[in-house]
Amino acid sequence: MVSEINTSEKTVTSEKEGRVASLARRRHRVTRSLLALPLGWLVLFFIIPVSLVVAYSVGILETFTKEEGVSLETWRIFLTGENVYMLLFIKSFRMALIVAVVVVILAYPIAYFLAMIADKYKYSLLLLMIAPFMTNFFMRVMAWKVLLGRQGVLNSFLIWSGLRDEGNPIEGLAFGEIPVMIVLGYVWIPFVMLPMFAAMISMDRRLLEAAADLGASRWRAFWKVTFPLSLPGVVASFFFVFIPTIGEFVVPKLVGGTKGYMFGSAIDDLFGMGLDWRTGSVLSLWLVMAVFILALLFMRLVRFGRLAES
């Protein structure tokens, strides 16, 4: 009798183990099925293209250039600064940094007003601010080109008002770094405002009430409560502008001229008119690595901000 009971218990146990193993196998199959599409997408549209760019950068693959076999010479020339591209990257880094800082400073008061003051009208005002930017990107950039050109609206107004002499317009507004940064700032402001707005709208207003009850002025409550809690949104907005601006090439091509030439413009020209895919691949990989490092820094800062909140 005892042996029969033990046998039945072993049978039940083995059946349970079989069901658990079967369930685990099904879960693994479902997990693999769910991961197959995103992993395939990543391999097809990121890993393979980047691998091809790596192959072009060292001469494993060649197109129009007549380089002799596999070589790291192009990397050496770029990293040692024997060409203008490293200086161009530093210039683009500086321009992107200025644009990101200025745009965040300009967008923060707007986000603060919408989140903390506008009350029930905040979403309507937010929609009104974003709606004009749903128009064609090139049309908006070309409109700025008309405004800032040598015979554009701004220079024509300055000459008409007597602030500038006839035939002596402000040359820096036509083509150069300044118009590129102005247009990029205009393009990014409404979208930079959104992360900061989201950070502020999710704040617990009772913290401000507690600060007021403890005798803090509005200015002190802002610096001690509002600004620290909105800092993750500020950091996100900064990198939201900074990272894509480094590789920007459309706006410099339209309003930059030779003085507003940027790193992304060089990559575009090397793959296009220059037909130098090896150098273009080196520059592209360098930009990818720079953006990757900045993304890691961004995630670290955001994680630090969340820890500070908790």
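Residues numbered from 1 in each chain as written. Predicted model: local features only at pLDDT ≥ 70, side-chain atom pairs only at ≥ 80, totals over all residues. Heavy atoms only, no water.

Once that is clear, we can look at the pattern of salt bridges. Once their charged atoms are close, side chains differing in charge can pair, the charge on each being opposite to the other. Within this structure, the stated rule accounts for 3 salt bridges. A salt bridge links Arg94 to Glu177, with the shortest nitrogen-to-oxygen separation between them at 3.1 Å. Of this pair, Arg94 sits in helix H3 (residues 85–117) while Glu177 sits in helix H7 (residues 177–201); the two residues are 83 residues apart in sequence, bridging distant segments of the chain. In this structure Arg94 comes out as partly exposed when scored by relative accessible area, which is 36%. (Salt bridge = Lys/Arg side-chain N within 4 Å of Asp/Glu carboxyl O. Helix = DSSP H or I, 4+ residues; strand = E, 2+ residues; numbered from the N terminus. Buried < 20%, exposed > 50% of the residue type's maximum accessible area, 1.4 Å probe, protein only.)

What follows concerns the packing of aromatic side chains. Here the structure, examined in full by the defined rule, presents 22 aromatic pairs. Aromatic pair Phe93 and Phe242: ring centres 5.0 Å apart, planes at 90°, arrangement edge-to-face. Pair noted here: Phe93 is in helix H3 and Phe242 is in helix H9 (residues 218–246), with a separation of 149 residues, a long-range link. Taking 5.3 Å as the distance between ring centres and 90° as the angle between the ring planes, the aromatic pair formed by Phe238 and Phe239 counts as edge-to-face. (Phe/Tyr/Trp six-rings, centres within 6.5 Å; stacked < 30°, edge-to-face > 60°.)

Of all hydrophobic cores here, the largest spans 60 residues; its most connected members are Val192, Met196, Phe263 and Leu283. Among the secondary structure elements, those contributing two or more residues to this core are helix H2 (73–79), H3, helix H4 (122–130), H7, H9, helix H10 (250–256), helix H11 (263–271) and helix H12 (277–309). The element best represented in this core is H3, accounting for 16 residues. Other than its neighbours up to four places away in sequence, Met196 contacts Val104, Ala107, Tyr108, Ala111, Gly233, Val234 and Ser237. (Core = buried A, V, L, I, M, F, W, Y, C linked by side-chain atoms within 4.5 Å. Contact = heavy atoms within 4.5 Å.)

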